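Below, each chain spelled out in residue letters.
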Amino acid sequence: MTVKLGVNVDHIATIREARKIREPDPVTAALIAELAGCNGITAHLREDKRHIQDRDIRLLRGTVTTKLNLKIAPTNEMLQFATNVQPDMVTLVPENRQEITTEEGLNVAAKIDDLAKFVMTLKSNDIAVSVFIEPETEQVKAAKKIGADFVEFNTGKYAAACDLGSMQEVDREISAIADMAVLARKYGLRAFAGHGLNYRNIAAIASIEGIEEVNVGHSIVGRSVFVGMEKAVKEMLELLK
Ligand code: PXP
């Protein structure tokens, strides 16, 4: 089965916000990514609004025809925004103001009761729910307990191990994700993966049995600067075949 590609357009907004003007527009990038054949658009509305703005998500909701996956921290303000905008899916991620990007998965096991209420509200608004987690048994079990539909495994450690050329660590991360994909399926959860994936390291993750979709942002946006968004997305899709 070909693994689906969700394109994260946050970093188009990062470039725009460097000048606080109107371009480049992540909404235009999303349309081009869709025309190039991606299967979904993802965007992270951070609490500090450092890249994606409310306006972007509202426009994406009106224009994305594949699937809009909104990443948010589990806060009341974000919950209200999500239920108002109605993306197809919400992915709950942890957030730390000091971080450059999301650093680790959400500790779902530590907040079962609060997150279960959060998930219930989203699902009662017809929004599918995913949680971005580390590939760990405790977190997969917790995702099931809170009623999530999907899990997205954090591939950040895998990507870092690839960069360091540490094959032992690479193998360990791949095995952990593969094992947790099996466990997720056993619990009826569908499994995605993302973070730090690029043209060099994506193949091993895409070939893990049970991983349905990968979410990629930085490497596609980085490549698009040189080859254009359409080609950058098509080249990534080629690697997923
Ligand atoms: N998945 C999640 C949950 C994320 O938070 C991010 C980054 O916002 C990504 C995937 C994409 O990561 P990258 O930009 O490293 O490809």
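Everything below is about the structure printed above this text.
These remarks concern the structure in this document. On a predicted model such as this, the values are computed, not experimentally measured, just so you know.

## Section: the overall build of the protein
Move 1: Each helix and strand in the protein was counted, giving 11 helices and eight strands.
Move 2: Relative to its length of 241 residues, the protein is compact, with a C-alpha radius of gyration of 17 Å against a globular reference of 18 Å.
Move 3: Taking the principal axes of the C-alpha coordinates as reference, the protein spans close to 45 × 40 × 35 Å.
Move 4: The buried share of the protein, taken over its 241 residues, is 51%.
Move 5: Sequence separation of 24 or more characterises 67% of the internal contacts of the protein that already satisfy a separation of 6 or more.

## Quick word on the site of the ligand
Move 1: Within the structure, the ligand sits among 13 residues, and Lys-71, Glu-152, Gly-196, Gly-217 and His-218 are positioned closest to it.
Move 2: The separation between an oxygen atom of the ligand and a polar side-chain atom of Asn-8 is 3.4 Å.
Move 3: One of the side-chain nitrogen or oxygen atoms of Lys-71 is found 2.9 Å away from a nitrogen atom of the ligand.
Move 4: Residue composition of the shell around the ligand, grouped by class: three nonpolar, seven polar and three charged.

## Here's the deal with the packing of helix 3 (residues 54-63) against helix 4 (residues 76-85)
Move 1: Axis separation between helix 3 and helix 4 bottoms out at 10 Å; the angle between their running directions is 25°. Relative to helix 4, the element helix 3 is oriented roughly parallel. Note that helix 3 runs across helix 4; the crossing there is right-handed. Between helix 3, through Asp-54, Ile-57, Arg-58 and Arg-61, and helix 4, the contact on the second element is made entirely by Phe-81, Asn-84 and Val-85.

## Things to note about the sheet that holds strand 2 (residues 40-44)
Move 1: Read around the closed barrel, the eight strands follow the order 1-2-3-4-5-6-7-8; overall the barrel is parallel. Taking the axes of each pair of neighbouring strands and ignoring which way they run, one obtains an average angle of 25° across the sheet.
Move 2: In the sheet, strand 3 (residues 68-72) pairs with strand 4 (residues 89-92) via four bridges, with the strands oriented parallel. Paired with Asn-69 across the strands is Met-89, a residue of strand 4.
Move 3: Against the sheet, helix 11 (residues 229-240) contacts strand 1 (4-8) and strand 8 (211-216), and its axis sits at roughly 145° relative to strand 1.

## Some thoughts on the environment of Glu-169
Move 1: Within the secondary structure, Glu-169 is located in helix 8 (residues 167-186).
Move 2: For Glu-169, a relative accessible area of 22% corresponds to the partly exposed category.
Move 3: Glu-169 sits 12 residues away from Lys-157 along the chain, and the two C-alpha atoms are 8.5 Å apart.

## Thoughts on a nonpolar patch on the surface
Move 1: Taken together, the side chains of Val-225, Phe-226 and Val-227 make up a nonpolar region of the molecular surface, amounting to roughly 330 Å² of accessible area.
Move 2: Take Val-225: it is sitting in helix 10 (residues 218-227).

## Digging into the pattern of salt bridges
Move 1: Evaluation of the coordinates by the stated rule reveals 20 salt bridges.
Move 2: Of the charged contacts, one joins Arg-50 and Asp-48 as a salt bridge, the two residues approaching to 3.1 Å between their closest N and O atoms.
Move 3: Where salt bridges share partners, they join Arg-16, Glu-17, Lys-20, Asp-25, Arg-55 and Asp-56 into one cluster.

## Overview of the packing of helix 5 (residues 112-124) against helix 6 (residues 137-146)
Move 1: With their axes 8 Å apart at the nearest point, helix 5 and helix 6 run at an angle of 50° to one another. As far as their axial angle goes, helix 6 and helix 5 are oblique. The chirality of how helix 5 crosses helix 6 is right-handed. Within the contact between the two elements, helix 5 uses Ile-112, Leu-115, Ala-116 and Val-119 and helix 6 uses Ala-142, Lys-145 and Ile-146.
Move 2: Residues that form the contact of helix 5 with helix 6 fall into these classes: six nonpolar, no polar and one charged.

## Comments concerning the nonpolar core
Move 1: Leu-5, Phe-153 and Val-214 are the most contacted members of the largest nonpolar core, which totals 74 residues.
Move 2: Residues contacting Val-214, with those up to four places away along its chain left out, are Val-3, Lys-4, Leu-5, Gly-6, Ala-193, Leu-197, Ile-202, Ile-205 and Leu-240.

## Points about unusual backbone geometry
Move 1: Here the amide bond leading from Glu-23 into Pro-24 is cis, since omega sits at 0°, within 30 degrees of zero.
Move 2: Position of Pro-24 relative to the elements: it lies in the loop between helix 1 (10-19) and helix 2 (26-35).
Move 3: Phi at Lys-20 is positive, roughly 55°, even though this residue is not glycine.
Move 4: Looking at the secondary structure, you find Lys-20 in the loop between helix 1 and helix 2.
Move 5: For Lys-20, a relative accessible area of 62% puts it in the exposed group.

Criteria and cut-off values
Residues numbered from 1 in each chain as written. Predicted model: local features only at pLDDT ≥ 70, side-chain atom pairs only at ≥ 80, totals over all residues. Heavy atoms only, no water. Helix = DSSP H or I, 4+ residues; strand = E, 2+ residues; numbered from the N terminus. Rg over C-alpha atoms; globule rule 2.2 N^0.38 Å. Buried < 20%, exposed > 50% of the residue type's maximum accessible area, 1.4 Å probe, protein only. Contact = heavy atoms within 4.5 Å. Near = heavy atom within 4 Å. Polar contact = N/O pair within 3.5 Å; in protein donor to acceptor, adjacent residues only side chain to side chain. Nonpolar A, V, L, I, M, F, W, Y, C, P; charged D, E, K, R; others polar. Axes fitted to C-alpha atoms, helices over the stretch in contact; angles between N-to-C directions. Parallel < 35°, antiparallel > 145°, perpendicular 65-115°, else oblique. Left-handed = near helix turned anticlockwise from the far one by under 90°. Pairing = 2+ DSSP bridges. Patch = residues over 30% accessible without salt bridge, like charges linked within 9 Å, V, L, I, M, F, W, Y side chains within 5 Å. Areas by Shrake-Rupley, 256 points an atom, 1.4 Å probe, with all protein chains shown as cover. Salt bridge = Lys/Arg side-chain N within 4 Å of Asp/Glu carboxyl O. Core = buried A, V, L, I, M, F, W, Y, C linked by side-chain atoms within 4.5 Å.

Function cannot be inferred from these measures alone, as they are strictly geometric.
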